[in-house]
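# A closer look at the structure
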Amino acid sequence: MTKADIVENIFDKVGLLKKDVSDVVELVFETIKHTLAKGEEVKLSSFGTFTVKQKRPRRGRNPKTGQDMTITARKVLSFKSSHILRDIMNRK
Amino acid sequence: MTKSELIGQVSEKAKNFTPKDVEVIVNSIFESMAETLAKGDGIEIRGFGSFKVKERAARKGRNPKTGETIDVAAKKVPFFKVGKELKEMVNK
(Lines give C-alpha, C1' and ligand atoms only; values in the text may rest on other atoms or scores of the structure.)
Protein backbone atom coordinates (compact mmCIF):
# COMPACT_ATOMS: atom_id res chain seq x y z
CA MET A 1 0.00 0.00 0.00
CA THR A 2 1.26 3.45 -0.93
CA LYS A 3 0.07 6.97 -0.22
CA ALA A 4 -1.93 6.86 -3.47
CA ASP A 5 -3.74 3.73 -2.23
CA ILE A 6 -4.56 5.45 1.05
CA VAL A 7 -6.14 8.33 -0.89
CA GLU A 8 -8.01 5.83 -3.08
CA ASN A 9 -9.34 3.96 -0.02
CA ILE A 10 -10.70 7.01 1.71
CA PHE A 11 -11.77 9.60 -0.86
CA ASP A 12 -15.24 8.21 -1.60
CA LYS A 13 -15.83 7.58 2.08
CA VAL A 14 -15.37 11.25 2.93
CA GLY A 15 -17.28 12.62 -0.07
CA LEU A 16 -14.53 15.00 -1.15
CA LEU A 17 -12.57 15.34 -4.37
CA LYS A 18 -9.65 12.96 -4.75
CA LYS A 19 -7.28 15.86 -5.33
CA ASP A 20 -8.41 17.53 -2.09
CA VAL A 21 -8.06 14.33 -0.07
CA SER A 22 -4.62 13.83 -1.58
CA ASP A 23 -3.57 17.34 -0.48
CA VAL A 24 -4.73 16.73 3.09
CA VAL A 25 -3.05 13.29 3.25
CA GLU A 26 0.17 14.96 2.09
CA LEU A 27 -0.20 17.66 4.78
CA VAL A 28 -0.82 15.06 7.46
CA PHE A 29 2.46 13.23 6.76
CA GLU A 30 4.38 16.50 6.35
CA THR A 31 3.06 17.75 9.70
CA ILE A 32 4.02 14.50 11.43
CA LYS A 33 7.51 14.66 9.88
CA HIS A 34 8.13 18.24 10.96
CA THR A 35 6.94 17.52 14.48
CA LEU A 36 9.34 14.57 14.74
CA ALA A 37 12.15 16.67 13.24
CA LYS A 38 11.72 19.01 16.23
CA GLY A 39 12.27 16.02 18.50
CA GLU A 40 8.66 15.94 19.63
CA GLU A 41 6.79 12.63 19.84
CA VAL A 42 3.63 11.94 17.85
CA LYS A 43 0.90 9.86 19.48
CA LEU A 44 -1.77 8.47 17.21
CA SER A 45 -4.34 6.83 19.45
CA SER A 46 -5.33 3.31 18.40
CA PHE A 47 -2.40 3.20 15.93
CA GLY A 48 0.86 3.87 17.74
CA THR A 49 3.46 6.37 18.95
CA PHE A 50 6.49 7.72 17.11
CA THR A 51 9.32 8.80 19.44
CA VAL A 52 12.71 10.36 18.74
CA LYS A 53 15.39 8.64 20.79
CA GLN A 54 18.86 9.98 21.50
CA LYS A 55 21.56 7.36 20.97
CA ARG A 56 24.95 7.65 22.63
CA PRO A 57 28.16 7.12 20.68
CA ARG A 58 29.33 3.52 20.86
CA ARG A 59 32.12 1.35 19.55
CA GLY A 60 31.35 -0.60 16.46
CA ARG A 61 33.11 -2.43 13.72
CA ASN A 62 33.02 -2.06 9.99
CA PRO A 63 31.70 -5.51 9.04
CA LYS A 64 33.44 -5.34 5.65
CA THR A 65 36.94 -4.41 6.79
CA GLY A 66 36.78 -5.60 10.41
CA GLN A 67 38.12 -2.21 11.47
CA ASP A 68 37.11 -0.79 14.86
CA MET A 69 35.31 2.52 14.68
CA THR A 70 33.12 4.78 16.74
CA ILE A 71 29.46 5.03 15.88
CA THR A 72 28.59 8.65 16.52
CA ALA A 73 25.80 9.87 18.80
CA ARG A 74 22.60 10.23 16.84
CA LYS A 75 18.88 10.61 17.01
CA VAL A 76 16.73 7.79 15.72
CA LEU A 77 13.02 7.35 15.26
CA SER A 78 11.21 4.55 17.01
CA PHE A 79 7.64 3.33 16.58
CA LYS A 80 5.66 1.57 19.28
CA SER A 81 2.42 0.10 18.01
CA SER A 82 -0.71 0.46 20.09
CA HIS A 83 -2.42 -2.55 21.67
CA ILE A 84 -5.46 -1.76 19.56
CA LEU A 85 -3.46 -2.06 16.33
CA ARG A 86 -1.88 -5.34 17.47
CA ASP A 87 -5.33 -6.67 18.42
CA ILE A 88 -6.75 -5.75 15.01
CA MET A 89 -3.82 -7.52 13.35
CA ASN A 90 -4.36 -10.69 15.36
CA ARG A 91 -8.13 -11.02 15.45
CA LYS A 92 -9.35 -14.22 13.88
CA MET B 1 1.60 15.80 19.62
CA THR B 2 -1.62 13.83 19.81
CA LYS B 3 -4.01 12.95 17.03
CA SER B 4 -6.31 15.86 17.92
CA GLU B 5 -3.37 18.29 17.89
CA LEU B 6 -2.37 16.90 14.51
CA ILE B 7 -5.92 17.49 13.24
CA GLY B 8 -5.76 21.05 14.64
CA GLN B 9 -2.47 21.87 12.92
CA VAL B 10 -3.48 20.39 9.59
CA SER B 11 -6.83 22.27 9.76
CA GLU B 12 -4.98 25.56 10.17
CA LYS B 13 -3.01 24.92 7.00
CA ALA B 14 -5.86 23.41 4.98
CA LYS B 15 -8.05 26.50 4.98
CA ASN B 16 -10.61 25.18 2.50
CA PHE B 17 -11.47 22.19 4.69
CA THR B 18 -13.53 22.13 7.83
CA PRO B 19 -11.81 20.67 10.91
CA LYS B 20 -14.47 17.95 10.72
CA ASP B 21 -13.31 16.99 7.19
CA VAL B 22 -9.71 16.90 8.37
CA GLU B 23 -10.67 14.77 11.35
CA VAL B 24 -12.48 12.27 9.13
CA ILE B 25 -9.50 12.10 6.76
CA VAL B 26 -6.91 11.67 9.54
CA ASN B 27 -8.95 8.92 11.18
CA SER B 28 -9.50 7.23 7.81
CA ILE B 29 -5.77 7.28 7.01
CA PHE B 30 -4.83 5.35 10.13
CA GLU B 31 -7.86 3.03 9.96
CA SER B 32 -6.98 2.19 6.39
CA MET B 33 -3.34 1.59 7.35
CA ALA B 34 -4.43 -0.65 10.25
CA GLU B 35 -6.70 -2.66 7.93
CA THR B 36 -3.86 -3.13 5.45
CA LEU B 37 -1.55 -4.42 8.18
CA ALA B 38 -4.37 -6.66 9.45
CA LYS B 39 -4.47 -8.27 5.99
CA GLY B 40 -0.75 -8.94 6.36
CA ASP B 41 0.18 -6.39 3.68
CA GLY B 42 2.94 -3.80 3.98
CA ILE B 43 2.68 -0.02 3.60
CA GLU B 44 5.19 2.29 1.99
CA ILE B 45 4.99 6.06 2.46
CA ARG B 46 7.68 7.80 0.40
CA GLY B 47 9.89 10.07 2.48
CA PHE B 48 8.30 8.81 5.67
CA GLY B 49 8.89 5.10 6.08
CA SER B 50 7.45 1.65 5.61
CA PHE B 51 5.47 -0.76 7.74
CA LYS B 52 5.78 -4.51 7.47
CA VAL B 53 4.09 -7.36 9.24
CA LYS B 54 6.35 -9.79 11.02
CA GLU B 55 5.23 -13.20 12.18
CA ARG B 56 6.22 -14.27 15.65
CA ALA B 57 6.23 -18.03 16.17
CA ALA B 58 4.36 -19.64 19.06
CA ARG B 59 6.60 -20.13 22.07
CA LYS B 60 6.57 -21.27 25.67
CA GLY B 61 6.46 -18.36 28.03
CA ARG B 62 6.49 -18.04 31.75
CA ASN B 63 4.35 -15.99 34.05
CA PRO B 64 7.02 -13.98 35.84
CA LYS B 65 4.89 -13.69 38.95
CA THR B 66 4.00 -17.33 39.47
CA GLY B 67 6.75 -19.04 37.44
CA GLU B 68 4.06 -21.01 35.67
CA THR B 69 4.80 -22.11 32.07
CA ILE B 70 2.25 -20.91 29.54
CA ASP B 71 1.82 -21.22 25.78
CA VAL B 72 2.24 -17.96 23.90
CA ALA B 73 0.36 -18.23 20.60
CA ALA B 74 1.90 -17.24 17.24
CA LYS B 75 1.13 -13.62 16.44
CA LYS B 76 1.69 -10.87 13.94
CA VAL B 77 3.43 -7.66 14.94
CA PRO B 78 3.88 -4.45 12.96
CA PHE B 79 7.41 -3.31 12.20
CA PHE B 80 8.31 0.24 11.15
CA LYS B 81 11.39 1.18 9.16
CA VAL B 82 12.07 4.89 8.91
CA GLY B 83 12.52 6.35 5.42
CA LYS B 84 15.74 8.04 4.35
CA GLU B 85 14.36 11.58 4.27
CA LEU B 86 12.70 11.40 7.71
CA LYS B 87 15.74 9.62 9.18
CA GLU B 88 17.89 12.56 8.13
CA MET B 89 15.36 15.15 9.31
CA VAL B 90 15.26 13.60 12.79
CA ASN B 91 19.04 13.48 13.11
CA LYS B 92 19.74 17.05 12.00
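Residues numbered from 1 in each chain as written. Chains lettered and ligands numbered in written order. Predicted model: local features only at pLDDT ≥ 70, side-chain atom pairs only at ≥ 80, totals over all residues. Heavy atoms only, no water.

### Quick word on a positive patch on the surface
- A grouping of Lys53, Lys55, Arg58 and Arg74 of chain A together with Lys52, Lys54, Arg56, Arg59, Lys75, Lys81 and Lys87 of chain B is seen on the molecular surface, where their side chains present a positively charged patch.
- Of all the secondary structure elements, the ones that give two or more residues to the positive patch are strand 2 (48-55) of chain A together with strand 2 (49-56) and strand 5 (75-82) of chain B.
- If one sorts the elements of the positive patch by residue count, strand 2 of chain B sits on top with three residues.
- A residue is classified by how much of its surface remains accessible, and Lys81 of chain B, at 52% relative accessible area, is exposed. (Patch = residues over 30% accessible without salt bridge, like charges linked within 9 Å, V, L, I, M, F, W, Y side chains within 5 Å. Areas by Shrake-Rupley, 256 points an atom, 1.4 Å probe, with all protein chains shown as cover. Salt bridge = Lys/Arg side-chain N within 4 Å of Asp/Glu carboxyl O. Lys, Arg positive; Asp, Glu negative; His and termini not counted. Charge placed at Lys NZ, Arg CZ, Asp CG, Glu CD. Helix = DSSP H or I, 4+ residues; strand = E, 2+ residues; numbered from the N terminus. Buried < 20%, exposed > 50% of the residue type's maximum accessible area, 1.4 Å probe, protein only.)

### With respect to the packing of helix 1 (residues 3-14) of chain A against helix 2 (residues 19-38) of chain B
- Direction vectors running N to C along helix 1 of chain A and helix 2 of chain B enclose 135°, while the axes themselves pass 10 Å from each other. Judged on the interaxial angle alone, helix 2 of chain B and helix 1 of chain A are oblique. The two elements helix 1 of chain A and helix 2 of chain B meet at a crossing, and its hand is right-handed. Of the residues in helix 2 of chain B, those in contact with Ile6, Asn9, Ile10, Lys13 and Val14 of chain A of helix 1 of chain A are Val24, Ile25, Ser28, Ile29, Glu31, Ser32 and Met33 of chain B.
- Split by residue class, the contact of helix 1 of chain A with helix 2 of chain B holds seven nonpolar, three polar and two charged. (Axes fitted to C-alpha atoms, helices over the stretch in contact; angles between N-to-C directions. Parallel < 35°, antiparallel > 145°, perpendicular 65-115°, else oblique. Left-handed = near helix turned anticlockwise from the far one by under 90°. Contact = heavy atoms within 4.5 Å. Nonpolar A, V, L, I, M, F, W, Y, C, P; charged D, E, K, R; others polar.)

### Let's talk about the interface of chain A and chain B
- Taken together, the 45 residues of chain A in the interface contact 45 residues of chain B.
- Overall, the association of chain A and chain B removes approximately 4100 Å² of surface from exposure, summing both partners, and the carbon and sulfur fraction of that is 73%.
- On the chain A side of the interface with chain B, the three residues burying the most area are Met1, Lys33 and Met89 of chain A, jointly 18% of the side's total.
- In this assembly, chain A and chain B are joined by two salt bridges. (Buried area = accessible area lost by both parts, 1.4 Å probe.)

### Section: the nonpolar core
- Counting 48 residues, the largest nonpolar core has Ile29 and Met33 of chain B as the members making the most contacts within it.
- Counting contributing residues per domain, this core is built from domain 1 (1-38) and domain 2 (41-92) of chain A, each supplying no fewer than three.
- With near-sequence residues (within four places) excluded, Ile29 of chain B lies in contact with Ile6, Ile10, Val25, Val28 and Phe29 of chain A. (Core = buried A, V, L, I, M, F, W, Y, C linked by side-chain atoms within 4.5 Å. Domains from an automatic or database assignment.)

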